[in-house]
Amino acid sequence: MIVTISISTSPGDSMNDISSGVSAAVADSGVEEGLCLISSPHTTAGITINENADPDVKTDMLMELGKLVPLNDGYRHMEGNSAAHLKATLTGLSVTLPISEGCLVLGTWQGIYFCDYDGPRQRRVLVTIIGR
Ligand code: ZN
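Read on for a plain summary of the structure. (Residues numbered from 1 in each chain as written. Predicted model: local features only at pLDDT ≥ 70, side-chain atom pairs only at ≥ 80, totals over all residues. Heavy atoms only, no water.)

## Overview of the environment of Ser100
- Inspection of the secondary structure assignment puts Ser100 in strand E5 (residues 94-100).
- Here Ser100 falls in the partly exposed class, since its relative accessible area comes to 32%.
- Through-space distance from the C-alpha of Ser100 to that of Gly131 is 9.9 Å; in sequence the pair is 31 residues apart.
- If we ignore the near neighbours within four places in the chain, the residues touching Ser100 are Glu32, Glu33 and Val105. (Helix = DSSP H or I, 4+ residues; strand = E, 2+ residues; numbered from the N terminus. Buried < 20%, exposed > 50% of the residue type's maximum accessible area, 1.4 Å probe, protein only. Contact = heavy atoms within 4.5 Å.)

## Some remarks on the sheet that holds strand E1 (residues 2-8)
- Taken together, 5 strands build an open sheet; the order of strands is E1-E8-E3-E5-E6 and the sheet is antiparallel. With partners counted over all chains shown, the strands left at the sheet margins are E1 and strand E6 (103-104), one partner each.
- As judged from the 7 bridges shared by E1 and strand E8 (residues 122-131), these two strands associate in the antiparallel manner. Looking at the pairing, Val3 lines up with Val127 of E8.
- Contacting E1, strand E3 (34-39), E5, E6 and E8, helix H1 (residues 19-29) crosses the sheet at an angle of about 35 degrees to E8. (Pairing = 2+ DSSP bridges. Axes fitted to C-alpha atoms, helices over the stretch in contact; angles between N-to-C directions.)

## Focus on the side chain of Asn16
- Along the polypeptide, Asn16 turns up in strand E2 (residues 12-17).
- Only 3.1 Å separates the side chain of Asn16 from the side chain of Ser14, close enough to count as a polar contact.
- The residues touching Asn16, leaving out its near neighbours within four places in the chain, are Ile7, Thr9, Ile112, Tyr113, Phe114 and Asp116. (Polar contact = N/O pair within 3.5 Å; in protein donor to acceptor, adjacent residues only side chain to side chain.)

## Section: the sheet that holds strand E7 (residues 110-119)
- If you trace the 3 strands from one edge of the open sheet to the other, you get E2-E7-E4, paired in antiparallel fashion. If you trace the sheet from one side to the other, it starts and ends with E2 and strand E4 (45-51), each paired once. Neighbour-to-neighbour, the strand axes of the sheet open up by a mean angle of 30 degrees, direction not taken into account.
- Sheet topology places E4 next to E7; 7 bridges connect them, and they run antiparallel. Across the sheet, residue Ile47 finds its bridge partner in E7, namely Phe114.

So, in structure tokens, the structure goes:
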């Protein structure tokens with residue numbers, strides 16, 4: 001089954017914690033043992049897993065990504081958002097997590113983040129759940 005999570009993002013770059021929404025989708029699925037694929041159907045956003053305890057981790061990650069990929073660097077793409085496309089590819093567009101005993105298996109300090117590099121936008125996250 002595939003569940004769609006809708007999300008409204010803030011201007012510019014943002015990391016949005018979607019852990020609770022994904023966990024709810026897994027719980028609603030009734031799957032006890034299986035896999036959960038969390039994917040983005042967008043070209044300027046990514047999905048990653050990282051620390052959800054200290055919000056400064058998100059700030060540092062976005063700051064350093066901004067240094068790796070300058071906003072303007074002689075890009076040819078006419079839409080003017082090449083930096084966002086590059087950051088999406090660096091982040092990756094999906095993550096897969098195990099489901100055990102009906103729950104998503106995440107580490108104590110881990111959260112699932114939808115990373116938007118071209119906000120504000122209305123976005124979708126696809127949660128594909130397989131198992132028994
Ligand atoms: Zn573009």
